[in-house]
Structures are given as C-alpha cells and as structure tokens.
Amino acid sequence: MIKLKIKLRRLKRLRNILIFLAVAAILLYITFEPALNAAVGNSNIFYTGLFLLVLAVLTVVFVYESKYAGAEKFIVDAEGKINDAGYYLTAREEKAVDAYAQAVQQDLADNGYKIKHNLLCDGLQFDFVGIKGGEFFYAVLTEQTDKNDVIAYTNAATTDLTNALLKRRGEAVVLLLCDTVTQEAVQLSKSVTELQTGRHQRLTVYPVIVSVSDGKVYFLGNRIGRAQKMTVNYVMNCELPLKSAYIGTEKLSCQQELAERLENFELKDYKNMSEER
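Residues numbered from 1 in each chain as written. Predicted model: local features only at pLDDT ≥ 70, side-chain atom pairs only at ≥ 80, totals over all residues. Heavy atoms only, no water.

A. Quick peek at the pairing of strand β5 (residues 170-181). Most of β5 is tucked away: 10 of the 12 residues are buried. Of the strand pairs in this sheet, strand β4 (residues 135-145) and β5 are connected by 10 bridges, and their pairing is parallel. The residue of β5 that forms the bridge with Ala139 is Leu175. Viewed along the sheet, the connection from β4 through helix α5 (residues 147-164) into β5 turns out right-handed. As judged from the nine bridges shared by β5 and strand β7 (residues 201-211), these two strands associate in the parallel manner. Residue pairing across strands places Val174 opposite Pro207, the latter belonging to β7. (Buried < 20%, exposed > 50% of the residue type's maximum accessible area, 1.4 Å probe, protein only. Helix = DSSP H or I, 4+ residues; strand = E, 2+ residues; numbered from the N terminus. Pairing = 2+ DSSP bridges. Right-handed = clockwise from strand over helix to strand, strands pointing away.)

B. Highlighting the pairing of strand β3 (residues 124-132). By the bridge criterion, seven bridges tie strand β2 (residues 114-121) to β3 in an arrangement that is antiparallel. Counterpart to Leu120 in the pairing with β3 is Gln125. The antiparallel hairpin formed by β2 and β3 contains two residues in its connecting segment, where Asp122 sits at a positive phi of about 55°. Examined bridge by bridge, β3 and β4 share five bridges and lie antiparallel to one another. Each residue of the ladder has a partner; that of Lys132, found in β4, is Glu135. Linking β3 to β4, which pair antiparallel, is a turn of two residues; within it Gly133 sits at a positive phi near 60°.

C. Expanded view of unusual backbone geometry. Here the residue pair Leu240 and Pro241 is connected by a cis peptide bond, since its omega of -5° sits within 30 degrees of zero. With respect to the helices and strands, the residue Pro241 is situated in the loop between α7 (226-235) and α8 (253-261). We note that Asp122 has phi near 55°; this positive angle belongs to a residue other than glycine. Considering the arrangement of structural elements, one finds Asp122 in the loop between β2 and β3.

D. View of α5. With 18 residues, α5 should reach 26 Å at 1.5 Å per residue; the first-to-last C-alpha distance of 25 Å fits that figure. Among the residues of α5, Asp149, Val150, Tyr153, Thr154, Ala156, Ala157, Thr158, Asp160, Leu161 and Thr162 are the ones counted as buried. One side-chain oxygen of the residue at the start of α5 lies 3.0 Å from the amide nitrogen of Asn148, identifying that residue as Asp146. Leu166 sits one or two residues past α5 and shows a positive phi near 55°. (Expected span 1.5 Å × (residues − 1). Polar contact = N/O pair within 3.5 Å; in protein donor to acceptor, adjacent residues only side chain to side chain.)

Next comes the structure, spelled out in structure tokens:
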C-alpha cells in the first residue's frame with residue numbers, strides 16, 4: 001500500500017503542477033493578449049503550445065479521476081477503519097435492552113427528534129425512528145445481533161430514506177440494541193453505506209451495535225460527522241471529544257486482517273477488487 005500511496009501522491013502532484021501552469025498560461029494570455037499578438041504575429045507556435053498544455057492537463061486529470069481517485073478514497077477509508085478503536089464503551093447504566101432503548105428514545109425526543117414507532121419497511125420492523133432535519137435514527141431491539149441483521153436493517157433503512165422519505169442528503173444511524181452480538185456482525189460495524197445522490201449531495205448510513213449486557217458499542221467512531229456526534233451523544237450518553245475511559249483498547253480481528261491485506265496492496269489489486277464487485 002505504501003508504493004501505491006507514493007504513486008498516487010506523485011501523480012496528484014503532477015496533476016496540480018500542470019493545472020497551475022495551464023491556468024497561469026491562460027491568465028497570462030488574457031492579460032497580455034495585445035502584446036503577445038504583436039510579438040508572435042501570425043505564428044501558431046505559441047497557440048499550439050498553449051493548446052497542448054491544456055490537453056495534457058485534461059489527460060492527466062482524466063487518468064487520475066478514472067483510475068486513481070477511487071483507489072485513493074479506498075485507501076483513506078481503509079486506513080480509517082484500521083486506525084479506529086475496536087469498540088467503545090457506553091456511559092449509560094441500563095443493562096436491559098428495553099430500558100436502554102427507552103433512555104435513548106427519551107433523549108432523542110428531548111432534543112427535538114420526531115419519534116415514530118413500529119415502522120415497517122421491506123418486511124422488517126424498526127421499534128422506533130427519530131428524525132430531525134438531515135439526521136435520522138433507526139432503532140431495532142434484538143436478543144442477538146448477527147451479520148444478517150446488520151445487512152438487512154441497514155438496507156431497509158436505506159430503502160426507507162430514499163424511497164419513502166425521498167431524502168437525498170443527510171446521515172442516518174441504524175441502531176441495533178441487543179444482549180449479545182456475533183463476531184460476524186461486529187466485523188460489519190465498521191462498514192458505512194454511502195449514496196452519492198447528487199453532485200453535492202450524499203446520503204450516509206452507519207450501523208451502530210450496542211451489546212447492552214457488557215456496555216460495548218461497535219461503530220466507525222473516528223469518522224467525523226453528524227452520525228459520530230449522534231452516536232456519542234444519544235447512544236453512548238457522552239460528549240465529544242470522547243474521554244479515554246470510553247474508548248476500547250483492543251482492535252477487532254477484522255481490523256488486523258485488513259491491515260495485513262493492505263500491507264502489499266497495489267493498484268492492480270484495487271482493479272481486481274473493483275471488477276469482482
């Protein structure tokens with residue numbers, strides 16, 4: 001991955017240099033057009049060079065955006081998952097799922113969220129949903145959360161946001177409150193669903209798993225945004241920045257596996273992975 005990062009950095013630097021030179025040349029031409037016309041006369045050398053410079057810039061930008069932009073985002077996201085804490089610890093004292101859910105729901109209501117109960121979507125029922133502006137909470141109570149629950153309820157919430165509510169921007173938390181959670185489900189807690197719904201519009205859905213019995217909270221906690229604040233404030237009953245007492249010290253096995261996988265990661269690996277999708 002280090003080799004790929006160096007390659008991306010060099011290409012990005014080349015792209016920026018070419019863009020700067022092209023803009024500088026165009027501004028120079030606009031500013032001194034009369035003098036340049038007088039100097040070069042009918043010669044096409046200057047104008048051909050300017051055209052070739054602009055063409056080179058467009059070529060480099062196209063290559064970067066088509067081949068490398070996706071890889072750069074993948075690396076940033078992967079490093080975020082690897083560097084995140086394996087889990088977090090809630091400040092809430094409730095040890096029963098129903099009581100914990102009631103406390104979260106009350107805090108949401110007290111902070112201006114409109115609460116709906118027993119929402120049915122795609123054949124799945126959410127115990128309650130909280131909505132305030134571009135912030136959305138979908139909560140479900142289970143005895144045990146497995147990976148199928150994480151996938152199904154995340155998809156159901158995404159469907160409700162896009163098809164029923166017709167939302168095109170915002171951040172949503174899919175809160176799964178349970179007594180126990182499987183390791184397969186924990187591995188999915190670092191996965192985020194992002195929908196680019198417009199040029200400057202994005203809808204993001206974060207799974208958050210709370211194992212009420214031991215107070216552990218699993219989610220992508222180092223990604224700054226509204227979902228992070230919503231989870232810390234209302235799910236964990238904490239404030240940002242989080243105190244070290246609420247940050248787990250152990251990494252998840254999936255984080256270690258991802259770090260090992262990316263150790264020798266190159267562009268061809270990203271291409272192969274993209275084709276498999």
